[in-house]
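Below are the chains, spelled out letter by letter.
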Amino acid sequence: MNSIHQQLKKGALEIMVLKIISEEDVYGYELIKKLELYSEQYFSLKEGSLYPILYRLEDKKMLESYQKSFEGERRVPRKYYHITQVGIAWLEKATEEWFFFQSKVETILKR
């Protein structure tokens with residue numbers, strides 16, 4: 001069962017990551033915490049799992065990153081992620097396809 005869980009999770013992560021970033025720019029650790037919160041702890045990623053997704057989305061021009069410094073504070077600058085127009089268009093299409101796919105799977109499983 002674990003391999004089924006992993007494959008389903010892998011297919012949904014890019015959509016969920018883009019959805020969260022579409023609501024507001026976030027940095028990596030904040031994104032991990034939001035995924036945990038919104039999924040009621042079901043999706044709990046390590047940084048080593050999240051950053052390859054973010055880098056892949058950046059390579060596909062769906063995300064842009066930028067450094068944010070905190071003036072007057074001795075904190076390390078954080079790398080924030082922002083969704084692009086390409087990412088917004090892809091997210092809309094992927095969300096539509098996801099719900100269509102989900103409805104067809106449910107139709108079969110509920111027979």
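As a reminder, the structure under discussion sits directly above these lines.
Small disclaimer: the values here were computed from a predicted structure and weren't measured.

1. Re the pattern of salt bridges
Item 1. Applying the stated criterion across every chain, the model contains 7 salt bridges.
Item 2. Between Lys19 and Glu23 there is a salt bridge, with its nearest N and O atoms 3.9 Å apart. Of this pair, Lys19 and Glu23 both sit in helix H1 (residues 2-23), separated by 4 residues, roughly a single helical turn.
Item 3. Take Glu23: its relative accessible area is 48%, and that puts it in the partly exposed class.

2. Some words on helix H3 (residues 47-59)
Item 1. The terminal C-alpha atoms of H3 lie 18 Å apart, and with 13 residues this matches the ideal 18 Å at 1.5 Å per residue to within 8%.
Item 2. Those residues of H3 not exposed but buried are Leu50, Ile53, Leu54, Leu57 and Glu58. Along the axis of H3, the buried positions cluster into a sector of 135 degrees, meaning they face one direction only. Among the exposed residues of H3, those pointing more than 90 degrees away from its buried face are Gly48 and Asp59.

Procedures and definitions
Residues numbered from 1 in each chain as written. Predicted model: local features only at pLDDT ≥ 70, side-chain atom pairs only at ≥ 80, totals over all residues. Heavy atoms only, no water. Salt bridge = Lys/Arg side-chain N within 4 Å of Asp/Glu carboxyl O. Helix = DSSP H or I, 4+ residues; strand = E, 2+ residues; numbered from the N terminus. Buried < 20%, exposed > 50% of the residue type's maximum accessible area, 1.4 Å probe, protein only. Expected span 1.5 Å × (residues − 1). Arc of directions from axis to C-beta.

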